[in-house]
Amino acid sequence: MCNCEKEKFYITTPIYYPSGNPHIGHCYTTVACDTIARFKRMQGYDVMFLTGTDEHGQKIENKAKEMGVTPKEYVDPIVDNFKKLWSFMNVSYDRYIRTTDDYHVETVQKVFKTLFDKGYIYKGKYTGKYCTPCESFWTESQLVDGKCPDCGREVIDADEEAYFLRLSDFADKIEKFLTETDYLQPKSRVNEMVNNFIKPGLEDLCVSRTSFTWGVPVDFDPGHVVYVWVDALTNYISALGYENSAYDDYGKYWPADMHMTAKEIVRFHSIVWPIILMMLELPLPKRLYGHGWITFNGAKMSKSLGNVVDPFILGERYGVDAVRYQILRDMPYGSDCNFSNEIMIGRINTDLANDLGNLVSRTVAMVDKYFGGTLPADRQADALDEELKGMASALRDKVTPLINDAQLSKALEEIFKVVSRANKYIDETAPWILAKDEANKTRLATVLYNLLETVRICSGLLFPFMPTTMPKVWEQIGACEKCTAYDTLATFGGLCETVTVTKGDVLFPRIDMEKEIEALNEMLKPAVEIREDEDLDKANIITIDKFFEVKLRSGEIVAAEKMKKAKKLLKLQIDDGRGGRQIVSGIANWYTPEELIGKKIIFVANLAPKPLCGEDSNGMILAVEAGDNDVRVIFLDDDVPNGSAIG
């Protein structure tokens, strides 16, 4: 389509809360949106891809006070880090919005005043529960064991004058919108929203606060700031220039084609946001996709829970495209996925190194070896070719609806089915045997051309997922920009018949799992530097309450063995007085299994389980650094009962 006829496509990430630096969970949403945006550009769409940061709220204000800086001074370097990460991850966003931007503040104030003038916002008093980390209001009945149902943290009592948004007036309309349209995906989320928040009685939402000041001021009532969620949701239209003069894209791009967000904030995007738009009499967005969480040992990955994985480190060690691939490949549609370094390394070795990388390198090497790098034009077809050619030709039309529906893992699965079939085709056709007889040269050229063509189609469809690596593939297989365009990817035969290949570097080097895990474990150890002039007793002081959170118990080592995958680790079976547990400990350099059996030890009993080289470790035994490269386990007297509390 020509420029004047281009269809528009507007996609958004949520705007991220910069209370701390970004982690791998943020990467999933942004990389997923980037993949869809890149794919739509390939299809010829005029794409607007928006991301940004949500910088107001009580949590930011509190953190800034703790550090002795202003809230803006606190968030600025974190926002810079978000932008640095998106650049590092090769994210092609078109616009970045900060809720501290003047034009956004202008829009929020105008929207708030409009809703007030229409009678949808009224003044009252809020009394209830509030989760500061999540910036969420909850009723008593919504709490789980008296805590926030999203993050599991303590809530506080809130009692203050506030403005409220009349969500209750729109209960029937929003239920109809959710149940009779395809707006909210996956559909399972619809039942969750309707049954948990609408059917029990949709409550009016508190939309201003007076207990802190870091937010967009309600300009007609000093002392009130706009509740962070109304502030944040408005970004999707303020970034286009709605009710401000910074941009003039609202008429072009709104309504949004896809909002993407993690499942914990689907409630605000599926209920509050459409109702605000209904109140403003604006078009509703077309689709909201609420994806699952990346979890770490089954727990939500978040800064609050302390199990953050640094995407900068992962990208530097494995390559950005490998990280992009793994997080998109292992996130099932609408469900959670577990993350570990072992899972990532396994996926890189299996899919990227063994399957894709090996297919490219073998094919290019054979063209170079048997034909000096350039294939002859003559062809000799065979029935063995038909299945591979059919799968490759049909791939684009299989993958397109999956990407359009944000089923990215499924799309990658389909692409790698063809990659796998191509590797099988090599075994079936045995080019190394064909090459032994000059009479088979035409057939050999056909086999290698079919492989190059399959790589062209697969790599073209993989480009939105791995935009750094695929151009390297094209260079190796002799593909030009024209023959990797979207329109060419449904037709077999896009490469020049006399294509010339160029041998290149290994695309995805294999990783030694054992050595890599050992290196990561070393890297994760805190750097401890003891100085003679340092008062160690006053360093990193914690409260007595914090100390009591750590539960130390006594136990007896009843079995011990070396770990096959890691020379430094021992697998210990502990009688903990409560049915037993397994602990993996890095003490193999200082103790043999035999000398540990029967020893009484102290262990941390309430550590989250952690997989180490394929074995779960449920705790940590106490030991001391006894000098240079020397560790001593703390042993107890033999008569100490197993399972006794220490402290």
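This is a predicted model, so every value here is computed, not measured.

Conventions and cut-offs
- Residues numbered from 1 in each chain as written.
- Predicted model: local features only at pLDDT ≥ 70, side-chain atom pairs only at ≥ 80, totals over all residues.
- Heavy atoms only, no water.
- Disulfide = S-S within 2.5 Å.
- Buried < 20%, exposed > 50% of the residue type's maximum accessible area, 1.4 Å probe, protein only.
- Phe/Tyr/Trp six-rings, centres within 6.5 Å; stacked < 30°, edge-to-face > 60°.
- Helix = DSSP H or I, 4+ residues; strand = E, 2+ residues; numbered from the N terminus.
- Contact = heavy atoms within 4.5 Å.
- Axes fitted to C-alpha atoms, helices over the stretch in contact; angles between N-to-C directions.
- Parallel < 35°, antiparallel > 145°, perpendicular 65-115°, else oblique.
- Nonpolar A, V, L, I, M, F, W, Y, C, P; charged D, E, K, R; others polar.
- Pairing = 2+ DSSP bridges.

Another point: the state of the cysteines. All chains considered together, the criterion is met by 0 disulfides. The closest cysteine sulfur to the non-disulfide-bonded Cys-33 is located on Cys-27, 12 Å from its own sulfur. The exposure class assigned to Cys-33 is buried, which follows from its relative accessible area of 0%.

Before going further, it helps to examine the packing of aromatic side chains. One pass over the structure, following the stated rule, counts 28 aromatic pairs. Summarising the aromatic geometry, the rings of Tyr-10 and Trp-254 are spaced 6.2 Å apart at their centres and angled 65° between planes, so their arrangement reads as edge-to-face. In this pair, Tyr-10 is assigned in strand E1 (residues 8-12) and Trp-254 in the loop between helix H9 (250-253) and strand E11 (258-262), connecting sequence segments 244 residues apart. Residue classification places Tyr-10 among the buried residues on the basis of a relative accessible area of 0%. Their ring planes at 10° and their centres at 5.8 Å tell us that Tyr-16 and Phe-82 sit as a pair that is stacked. One end of the pair, Tyr-16, is in the loop between E1 and helix H1 (24-42); the other, Phe-82, is in helix H3 (residues 71-88), with 66 residues separating them in the sequence.

Looking now at the environment of Tyr-120. The residue Tyr-120 is located in the loop between helix H4 (102-117) and strand E4 (121-131) in this model. When the C-alpha atoms of Tyr-120 and Phe-164 are compared, they prove to be 8.1 Å apart, with 44 residues separating the residues in sequence. The residues touching Tyr-120, leaving out its near neighbours within four places in the chain, are Leu-115, Phe-164, Leu-165, Arg-166, Phe-170 and Met-279.

This part is about the packing of helix H6 (residues 188-198) against helix H10 (residues 266-280). With their axes 11 Å apart at the nearest point, H6 and H10 run at an angle of 70° to one another. On the basis of the axis angle, H6 is roughly perpendicular to H10. Each of Arg-189, Met-193, Phe-197 and Ile-198 in H6 lies in contact with H10, whose residues at this interface are Val-266, Arg-267, Ser-270 and Ile-271. Per-class residue counts for the contact of H6 with H10 are 5 nonpolar, 1 polar and 2 charged.

Here we take up the sheet that holds strand E2 (residues 46-53). The strand order across the open sheet formed by 6 strands is E3-E2-E1-E11-E12-E7, and the pairing between neighbours is parallel. The open sheet has two free edges, formed respectively by strand E3 (95-98) and strand E7 (184-185), since each of these has just one partner strand. Alignment of E7 against strand E12 (residues 288-291), held across 2 bridges, turns out to be parallel. What sits directly across from Gln-185, in E12, is Tyr-289.

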